[in-house]
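The residues making up each chain are set out below.
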Amino acid sequence: MNITKQIRNNVLEASQNKGFFLTIIICISFLFSFYWVQILNPNTYMFSEVGDGVKTYYNLQWHNKYDTSYLQLNSMNYPFGESLLNEDSLPFINNSLKLVSNIFPSIANYSVGILNSLYFLFLFFGVIFLYLILIKLSVSYYFSALAANAIAFLSSQTLLLNPAGHYALTFVCFFPLGWYLLIRYLEGYNPMKFSILIAVNIFFWSFCHVYLGFALLLFMICFYFFKFIFDNNWYFNKKRTSLHILIQILVPTLAVLLLVKLTDNHPDRIDMPFILSYRATWSNIFLSDISPLQHFYKVFFDLSKIHEVKWGKTGNYIGFSSTIALIILLFFAIKHLLTKNIRSTWKYIDNQQFIFFIASIVVLLYSMAIPIKYLSEKVLNSLPLIKQFSSLGRLAWVFYYVLTILSVSFLYKILHNKKWGKLVLFLIISLYIIESIPYHSRISKSTKMQKNFFVNTHLDKDQKILSQISCKQFQAILPLPKFFKYNIPFSTSHNDEIINAAFISSIYSGLPLISVYLSRPSVSEALKTFKLTMPGKYQYENKTIMSDDRNIAIVICNNYMNKLNENELNIVSKSDLLMQSNT
């Protein structure tokens, strides 16, 4: 008996090893077919040259080159700076890179390339953990290898590379890793070890991007809630279950809140207003105008509804194969219900998988702003922590990964023993990959459009003028026309050309910017900075907020001289011209 069991385990291990290598081969082949130029030249390109993308590159490189503090980001909002943990610049990764750059300073010059490489690395790890989850669900190794890649490639997280440039939100592995750790904990082997790993994982992703940690946390809370409803004996049959759940959920939550509170010395921050336009909808879950199947969808649906909300441009499309699986499962459930044989449905989806599914649906509803959108403004204002999470559509990734994984598992169970079943299953899984091709075709082209202008050799003639500002002569840079990009009423912004010019001059000189590109700033600090270029009685004297006696460098884009207001023109008239380009 022991010999038979050992042989079976050896065969199983050999199969899983084959699947593991097959998974890697498929992943690498796919990535290199679309991104070989970016993978081999990671520091050559900026995946997004506008908006939040270039701002993240800028803050990452500035922090590693010039900041002396690990907790404060002084690249913008001069002279106040900003708390790194409150700025969208991947604080955990940012400071990890800073630790290395303190030993090897030249590493800071490769910040853009390192961040670009992390997208591919985390997509690769996402595929690995999706494969491991499918193996846990008893899907054969070759279908697990194919499906893991297919699901990762179709993830709409990729679409945030360009033009949005929300790089941390493109890290595909965040949810597969978190879900896999939860599955391992539920197996009951060394529960304390996996409880600690789950807590550390949530803490880590929260400081890559807070939405990633929040998505994991919300899924865990929903899972344990429904676990209690549908399987409450589990709570009483397992030792120290309550302690483990507290470690997994409460410890990382308190750690994140406490760390942010203790390290933030900027007063009166705003609460982010609740925004309905960045929510998920049924249209951007089940429909796609990017998919090769869009012509089929157009016959039955109005695809213009996908863009009714801003999140629709990215969406959380689950894939046609997942829709097929849902329809078949619903058909079986209704059939078994009518024949009073509902338990037969559990042949295809067991109790724990059902709880995963229900938990993901609750997270999906929350990503649609349900029930928040029905609350009054007064109630919302009493819940400032909830208002911090305004782009709720991102949370629908939880539903995407759970549904696609369970769809593959379900289809495998009903097809793999049927005649032609394996071929049909192969085609259905391949459809995920086919639908993902337009995603990556578009992104592979757009991420090669802009050379990394933080590398001197990539600067054009006019940009090289911007790189020659002396850090000894000046204390800070004021770009004109000014840009103050806040989520508050007195924000202003101008063309990305002005913002990029400011970032270039700041990176090469090491001088911070008086202008600001922040989400949730201190209102009082923002107002003081904003008043520096306001006319008349509203103007703030520089001496009231600046203790440094050195001059301020003014960077002006000639193409926008006609955009300068009266007070900005007055500032220019009192300034000395040091250098000028021909354009």
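Quick caveat: nothing in here was measured; it's all calculated off a predicted structure. Every residue gets a number counted from 1 within its own chain, in the order that chain's sequence is written. Where totals are concerned, whole chains, interfaces and linings use all residues; where local detail is concerned, this predicted model gives features only for residues with pLDDT of at least 70, and gives and counts side-chain atom pairs only at 80 or more. As a rule here, side-chain values cover all heavy atoms of the structure and leave hydrogens and water aside.

**Considering helix H7 (residues 191–206)**
Then comes step 1: Helix and strand definitions follow DSSP, with helices as H or I runs of at least four residues and strands as E runs of at least two, each counted in order from the N terminus. Here a helix's expected span is defined as the number of its residues, less one, multiplied by 1.5 Å. If you check H7, its first and last C-alpha atoms are 23 Å apart, about what 16 residues at 1.5 Å a residue would give, namely 22 Å.
Then comes step 2: Three or more residues of H7 are buried, namely Phe 194, Ser 195, Ile 198, Ala 199, Asn 201, Ile 202, Trp 205 and Ser 206. The buried side chains of H7 occupy one side of the element, clustering within an arc of 160° when seen end-on.
Then comes step 3: We call two residues in contact whenever any of their non-hydrogen atoms come within 4.5 Å of each other. Residues of H7 that are buried sit in contact with helix H4 (111–136), helix H6 (174–186), helix H8 (210–230) and helix H10 (241–263). A 1.4 Å probe rolled over the protein chains alone gives each residue an accessible area, and that area as a share of the maximum for its type sets the label: buried under 20%, exposed over 50%, partly exposed in between. Throughout, the arc means that of the directions going from the helix axis to the C-beta atoms.

**Some thoughts on a nonpolar patch on the surface**
Then comes step 1: Patch membership requires over 30% relative accessible area and the absence of a salt bridge. Like charges are linked within 9 Å, and nonpolar side chains (Val, Leu, Ile, Met, Phe, Trp, Tyr) within 5 Å. Surface accessibility follows the Shrake-Rupley procedure with a 1.4 Å probe radius. Residue values consider only the protein chains on display as shielding. Salt bridge, as used here: a side-chain nitrogen of Lys or Arg that lies within 4 Å of a carboxyl oxygen of Asp or Glu. Nonpolar side chains collect at one region of the surface, where Tyr 70, Leu 71, Leu 99, Val 100, Ile 103 and Phe 104 lie side by side and expose about 560 Å² of accessible area between them.
Then comes step 2: With respect to the element layout, Leu 71 can be found in the loop between helix H2 (51–66) and strand S2 (72–73).

**Quick notes on the confidence of the model for the protein**
Then comes step 1: On average, residues of the protein score 86 in pLDDT, and 90% of them reach the 70 mark or higher.
Then comes step 2: A score from 0 to 100, pLDDT tells how confident the predictor is in each residue. Ranking the helices and strands of the protein by mean pLDDT puts H6 first, with 97, and helix H16 (residues 384–387) last, with 72.

**Concerning the nonpolar core**
Then comes step 1: What is meant by a nonpolar core is a set of buried Ala, Val, Leu, Ile, Met, Phe, Trp, Tyr and Cys residues, joined one to another through side-chain atoms within 4.5 Å. Counting residues in each nonpolar core, the largest one holds 162 residues, and the members touching the most others are Leu 182, Trp 205 and Tyr 224.
Then comes step 2: Ranked by the residues each element gives to this core, the list is headed by helix H17 (residues 397–415), at 15 residues.
Then comes step 3: Apart from the residues within four sequence positions on either side, Leu 182 is in contact with Ile 198, Phe 219, Met 220, Phe 223, Tyr 224, Gln 248 and Phe 356.
Then comes step 4: One finds Tyr 78, Leu 478, Ile 514 and Ile 571 within the second-largest nonpolar core, a separate group that totals eight residues.

**Structural notes on the pattern of salt bridges**
Two side chains of opposite charge can pair, provided their charged atoms sit close to one another.
Then comes step 1: On inspection of all chains with the given rule, the structure shows four salt bridges.
Then comes step 2: As a salt-bridge pair, Glu 87 and Lys 55 come within 2.9 Å of each other at their nearest N and O atoms. One end of the pair, Glu 87, is in the loop between strand S3 (82–83) and helix H3 (91–103); the other, Lys 55, is in helix H2, with 32 residues separating them in the sequence. Neither Glu 87 nor Lys 55 differs from the other in exposure class; each is buried.
Then comes step 3: Residue Arg 184 is joined to Glu 187 by a salt bridge in which the shortest nitrogen-to-oxygen separation is 3.0 Å.
Then comes step 4: On the basis of relative accessibility, which here comes to 19%, the residue Arg 184 falls in the buried class.
Then comes step 5: Salt bridges linked by common partners bring Lys 136, Arg 184 and Glu 187 together as one network.

**What to know about the pairing of strand S5 (residues 474–480)**
Every regular strand shows the same layout, with side chains that alternate between the two sheet faces.
Then comes step 1: Of all seven residues in S5, seven are buried, a share of seventy percent or more.
Then comes step 2: Two strands are said to pair when DSSP picks up at least two bridges between them. The pairing of S5 with strand S8 (residues 551–556) spans six bridges and is classified as parallel. Looking at the pairing, Phe 474 lines up with Asn 551 of S8.

**Some remarks on the state of the cysteines**
Then comes step 1: What counts as a disulfide here is a pair of cysteine sulfur atoms lying within 2.5 Å. For the structure shown, the criterion picks out zero disulfides.
Then comes step 2: Not part of a disulfide, Cys 173 finds its nearest cysteine sulfur in Cys 208, a span of 8.6 Å.

**Side note on H3**
Then comes step 1: Along its 13 residues, H3 runs 19 Å from first to last C-alpha, staying within 8% of the 18 Å computed at 1.5 Å per residue.
Then comes step 2: If you check which residues of H3 are buried, you get Pro 91, Ile 93, Asn 94, Asn 95, Leu 97, Lys 98 and Ser 101.

**Examining the environment of Ile 247**
Then comes step 1: Within the fold, Ile 247 resides in helix H10.
Then comes step 2: Put simply, Ile 247 and Ile 196 are 51 residues apart on the chain and 6.7 Å apart in space, counted from C-alpha to C-alpha.
Then comes step 3: Contact partners of Ile 247, with chain neighbours within four places excluded, come to Met 192, Ser 195, Ile 196, Ala 199 and Pro 252.

**A few points about unusual backbone geometry**
Then comes step 1: Looking along the chain, the bond that leaves Asn 162 and enters Pro 163 is cis, with omega of 5°.
Then comes step 2: Positioned with a positive phi, Asn 77 is a non-glycine residue whose angle comes to about 60°.
Then comes step 3: Mapped onto the secondary structure, Asn 77 falls in the loop between S2 and S3.

**What about the side chain of Gln 157?**
Then comes step 1: In this fold, Gln 157 is placed in the loop between helix H5 (141–154) and H6.
Then comes step 2: The class for Gln 157 is buried, based on a relative accessible area of 0%.
Then comes step 3: Here Leu 169 takes part through its backbone oxygen, which lies 2.8 Å from a polar atom of the side chain of Gln 157.
Then comes step 4: In contact with Gln 157, other than residues within four places in its own chain, are Leu 169, Thr 170, Phe 171, Val 172, Phe 174, Trp 397 and Tyr 401. In protein, a polar contact requires one atom able to donate a hydrogen and another able to accept it; more generally it is a pair of N or O atoms within 3.5 Å, and residues adjacent in sequence count only if both atoms are side-chain atoms.

**A look at the packing of aromatic side chains**
Then comes step 1: Each Phe, Tyr or Trp ring (for Trp, its six-membered ring) is paired with any other whose centre lies within 6.5 Å, and the angle between the two planes then decides the class: stacked below 30 degrees, edge-to-face above 60, tilted in between. This model, assessed by the stated rule, comprises 49 aromatic pairs.
Then comes step 2: Seen in terms of ring centroids, Tyr 35 and Phe 120 are 5.3 Å apart; in terms of plane orientation they differ by 55°. Their pairing is tilted. Placement of the pair is Tyr 35 in helix H1 (residues 2–40) and Phe 120 in helix H4, with a sequence separation of 85 residues.
Then comes step 3: Tyr 35 sits in the buried class, given a relative accessible area of 1%.
Then comes step 4: With a relative accessible area of 9%, Phe 120 lands in the buried category.
Then comes step 5: Considering the side-chain rings of Phe 223 and Tyr 224, the 5.4 Å spacing of their centres and the 70° angle between planes classify their relative orientation as edge-to-face.
Then comes step 6: Geometrically, a charge over a ring is one whose NZ (Lys) or CZ (Arg) sits within 6 Å of the ring centre while staying within 35 degrees of the ring normal. Residue placement shows Lys 98 over the ring face of Tyr 70; its charged tip is 5.8 Å from the ring centre.
Then comes step 7: Here the basic side chain of Arg 394 rests over the ring of Tyr 211, its NZ or CZ set 4.6 Å away from the ring centre.

**Things to note about the packing of H2 against H4**
Then comes step 1: Relative orientation of the contacting elements H2 and H4 amounts to 125°, with a least axis distance of 9 Å. Here H2 is positioned oblique relative to H4, judged by the angle of their axes. In the packing of H2 onto H4, the handedness of the crossing is right-handed. Where H2 approaches H4, its residues Thr 56, Tyr 57, Leu 60, Gln 61 and Asn 64 are matched on the opposing element by Ser 111, Val 112, Leu 115 and Asn 116.
Then comes step 2: Taken together, the residues that form the contact of H2 with H4 break down as four nonpolar, five polar and no charged. Every axis in this analysis is a line fitted to C-alpha atoms, fitted for helices over the stretch in contact. Angles between the N-to-C directions lie between 0 and 180 degrees. Any angle that falls under 35 degrees is termed roughly parallel, while one over 145 is termed roughly antiparallel, one within 65 to 115 roughly perpendicular, and all others oblique. Helix crossings are classified by the rotation of the near helix relative to the far one: an anticlockwise turn of less than a right angle makes the crossing left-handed, while a clockwise turn makes it right-handed. Polar here means any residue outside two lists: the nonpolar Ala, Val, Leu, Ile, Met, Phe, Trp, Tyr, Cys and Pro, and the charged Asp, Glu, Lys and Arg; Gly therefore counts as polar.

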